[in-house]
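Descriptive structure summary
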Amino acid sequence: MDTVERRKHMKSGWLAIGACITMAIGTSPAMAADTGAMVEEAAATLEPNRYVWVDPGTSDPVTVVVSIPQQRAFVYRGEALVAASSVSTGRDGNETPIGIYPILQKNEVHKSNLYNDAPMPFMQRLTWDGIALHAGRNPGFPDSHGCVRLPGSFAKKLFAVTDLGSTVVVTDQYVEGRTLDPTLLLTDTMQANSDRLAAVMGY
């Protein structure tokens, strides 16, 4: 099977409505890289309300990275990319704030305290002033009041693998690569300190 046919075959399998792939994979670096490559390729062409999920379910911690310009969420198990989804972040005037957040609260059945009891299934709170991950309308462009809306099936799966305190990064950068970029986990202060140290050390 040539490259074009392989990509068409992979895309057709991954991008079915509510796409979900569960794979029995090992934890070797080579297999993790292969898995990351598949997720990365699928993420590039995801349509609204679609996702890809190949999480092996190891004991490594889960980190979620939300890219506002890409309207994507990327899920890492340890350093390896294991899932990706389309998202809908905050629209103009209600932008989703960038930052590094711990999950503060989880509630499978939740209603908004701010917006007329609007349902927020599989809610994972990032701030106490109303920003959360949750299942919701996912048109493929910024449309929320500030939350990160996820496809329903993806939100359910993500809810099951995160813990209180799990890290969620919301960034205005494009996310690329099959492994977690450690600079995404640096606050502005940490990055400034790192830059100063590099200047002093000459590297």
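As shown above, the structure is provided for reference.
Notes on the structure in this doc start here. These numbers were taken from a predicted model, which means no experiment stands behind them.

Helix and strand content of the protein: four helices and ten strands. Ordering the α and β elements of the protein from the N terminus gives α-α-β-β-β-β-β-β-β-β-β-α-β-α. When burial is assessed residue by residue, the protein has 41% of its 203 residues classed as buried. On the protein, roughly 10700 Å² of surface is accessible, and the fraction owed to carbon and sulfur atoms is 54%.

This paragraph deals with the layout of surface pockets. A volume near 310 Å³ is recorded for the second largest pocket. For the second largest pocket, the lining is made up of 14 residues, of which Ile100, Gln173, Leu184, Leu186 and Asp188 are closest to its centre. Breaking the lining of the second largest pocket down by element, the ones donating at least two residues are β5 (99–102), β10 (167–171) and α4 (188–201). No other element matches the three residues that β10 contributes to the lining of the second largest pocket. Each residue belonging to the lining of the second largest pocket can be placed in one class, and the counts come to six nonpolar, six polar and two charged.

In terms of nonpolar packing, the biggest core is built from 25 residues, with Val66, Leu133, Leu150 and Phe154 touching the most fellow members. Take this core: its biggest share by element is four residues, from helix α3 (residues 152–161). Here leucine 150 is in contact with Val87, Leu133, His134, Ala135, Gly136, Asn138, Ala155 and Leu158, once residues within four sequence places are set aside. Membership of the second largest hydrophobic core comes to 15 residues, among which are Val54, Val65, Ala84 and Leu180.

Our focus in this paragraph is the sheet that holds strand β6 (residues 105–107). Pairing in this open sheet of four strands is mixed, and the strands run β6-β7-β8-β9 from one edge to the other. Lying at the two open borders of the sheet, with one neighbouring strand each, are β6 and β9 (148–150). Averaged over all adjacent pairs, the angle separating strand axes in this sheet is 15°, with direction ignored. Bridge analysis of strand β8 (residues 132–135) against β9 gives three bridges, and the strand direction is parallel. Within β9, the position partnered with leucine 133 by the bridge is valine 148.

What follows covers the pattern of salt bridges. Across all of its chains, the model carries five salt bridges by this definition. Here arginine 50 makes a salt bridge to glutamate 47, at a shortest N to O gap of 3.8 Å. For arginine 50, a relative accessible area of 16% translates into the label buried. We note a salt bridge from arginine 149 to aspartate 143, for which the minimum N-O separation is 3.3 Å. Take arginine 149 and aspartate 143: they sit in the same class, and that class is buried.

Cut-offs applied
- Residues numbered from 1 in each chain as written.
- Predicted model: local features only at pLDDT ≥ 70, side-chain atom pairs only at ≥ 80, totals over all residues.
- Heavy atoms only, no water.
- Helix = DSSP H or I, 4+ residues; strand = E, 2+ residues; numbered from the N terminus.
- Buried < 20%, exposed > 50% of the residue type's maximum accessible area, 1.4 Å probe, protein only.
- Areas by Shrake-Rupley, 256 points an atom, 1.4 Å probe, with all protein chains shown as cover.
- 1 Å grid on protein atoms, 1.4 Å probe; cavity = no way out; pocket = protein on both sides within 12 Å on 5 of 7 lines; lining within 4 Å.
- Points joined across faces, edges and corners; volume = space filled by probe spheres on them.
- Nonpolar A, V, L, I, M, F, W, Y, C, P; charged D, E, K, R; others polar.
- Core = buried A, V, L, I, M, F, W, Y, C linked by side-chain atoms within 4.5 Å.
- Contact = heavy atoms within 4.5 Å.
- Pairing = 2+ DSSP bridges.
- Axes fitted to C-alpha atoms, helices over the stretch in contact; angles between N-to-C directions.
- Salt bridge = Lys/Arg side-chain N within 4 Å of Asp/Glu carboxyl O.

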